Amino acid sequence: MRKSLNAFILMIASSAVFAGDGHQYIIERTIPGAQNLTPAELKSISQKSRAVLESLGPEIVWQQSYVAEDKFYCVYEAPNKEIIAKHAKLGGFPADKILEVSGIIGPQTAQE
């Protein structure tokens, strides 16, 4: 499992963009049956997440999420882990792991 998470981090990091002074985080959320959620269910989850983000202010930004099997892997920019945990709590979302991105590599790294 750790190996697949590391591969995922490397994959998304190659296209990640840091903005401002925030830090980038990857959040792993276990949601049984996530891969079977309908477009309407995903829209509802997204709307709830955005509403909570708006209440927290501009310092936390949701960049994107990936649905893979029973997991969501979400990429956020935020000043710290605590505000991400607060977003999860207020939204009723699990946040099994909150990992700060410590570096970004991609195919271009091999050429530099």
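All of these numbers come straight from a predicted model, not from anything done at the bench. (Residues numbered from 1 in each chain as written. Predicted model: local features only at pLDDT ≥ 70, side-chain atom pairs only at ≥ 80, totals over all residues. Heavy atoms only, no water.)

A.B. asks: Help me understand the overall build of the chain in this model?
C.D. replies: If you tally the helices and strands in the chain, you get three helices and four strands. Each helix and strand of the chain, placed in order from N terminus to C terminus, yields the pattern α-β-α-β-β-α-β. The buried share of the chain, reckoned over its 112 residues, is 31%. For the chain, the share of sequence-separated contacts (at least 6 apart) that also reach a separation of at least 24 residues comes to 73%. Accessible surface for the chain amounts to roughly 6,900 Å². Of this, 56% is attributable to carbon and sulfur atoms. (Helix = DSSP H or I, 4+ residues; strand = E, 2+ residues; numbered from the N terminus. Buried < 20%, exposed > 50% of the residue type's maximum accessible area, 1.4 Å probe, protein only. Contact = heavy atoms within 4.5 Å. Areas by Shrake-Rupley, 256 points an atom, 1.4 Å probe, with all protein chains shown as cover.)

A.B. asks: Looking at this structure, I do not really get the sheet that holds strand E1 (residues 23-30). What am I missing?
C.D. replies: Taken in spatial order, the four strands of this open sheet run E2-E3-E1-E4, and their pairing is antiparallel. Here the strands that pair on one side only, and so sit at the sheet edges, are strand E2 (61-68) and strand E4 (97-100). Along the sheet, successive strands turn relative to each other by an average axial angle of 20°, direction set aside. Here E1 runs beside strand E3 (residues 71-78); their pairing, made up of eight bridges, is antiparallel. Within E3, the residue paired with His23 across the bridge is Ala78. Taken strand by strand, helix H2 (residues 39-56) contacts E2 and E3, and its axis lies near 155° from that of E2. Lying on the sheet, helix H3 (residues 81-91) is in contact with E1, E3 and E4; it crosses E1 at an angle near 35°. (Pairing = 2+ DSSP bridges. Axes fitted to C-alpha atoms, helices over the stretch in contact; angles between N-to-C directions.)

A.B. asks: Explain H3 to me, please; I cannot follow it from the model alone.
C.D. replies: Side chains that are three or four residues apart share a direction in an α-helix, a result of its 3.6 residues per turn. For H3, the complete set of buried residues consists of Ile83, Ile84, His87, Ala88 and Gly91. The buried residues of H3 all sit within an arc of 145° when viewed along its axis, so they share a single face. Among the exposed residues of H3, those oriented more than 90 degrees off its buried face are Glu82 and Lys89. In this structure, the buried side of H3 is in contact with E1, H2, E3 and E4. Its side-chain oxygen 3.2 Å from the backbone nitrogen of Glu82, Asn80 forms the N-cap of H3. (Arc of directions from axis to C-beta. Polar contact = N/O pair within 3.5 Å; in protein donor to acceptor, adjacent residues only side chain to side chain.)

A.B. asks: Hey, could you run me through the packing of aromatic side chains in this one?
C.D. replies: Any pair of aromatic rings gets described here by the distance separating the centres and the angle formed by the planes. This model, assessed by the stated rule, comprises one aromatic pair. Each ring, one from Trp62 and one from Tyr76, has its centre 6.5 Å from the other, and the planes form 15°; the classification is stacked. Taken together, the residues span a long stretch of sequence, with Trp62 in strand E2 and Tyr76 in strand E3 at a distance of 14 residues. Residue class for Tyr76 comes out buried when judged on its relative accessible area of 1%. (Phe/Tyr/Trp six-rings, centres within 6.5 Å; stacked < 30°, edge-to-face > 60°.)

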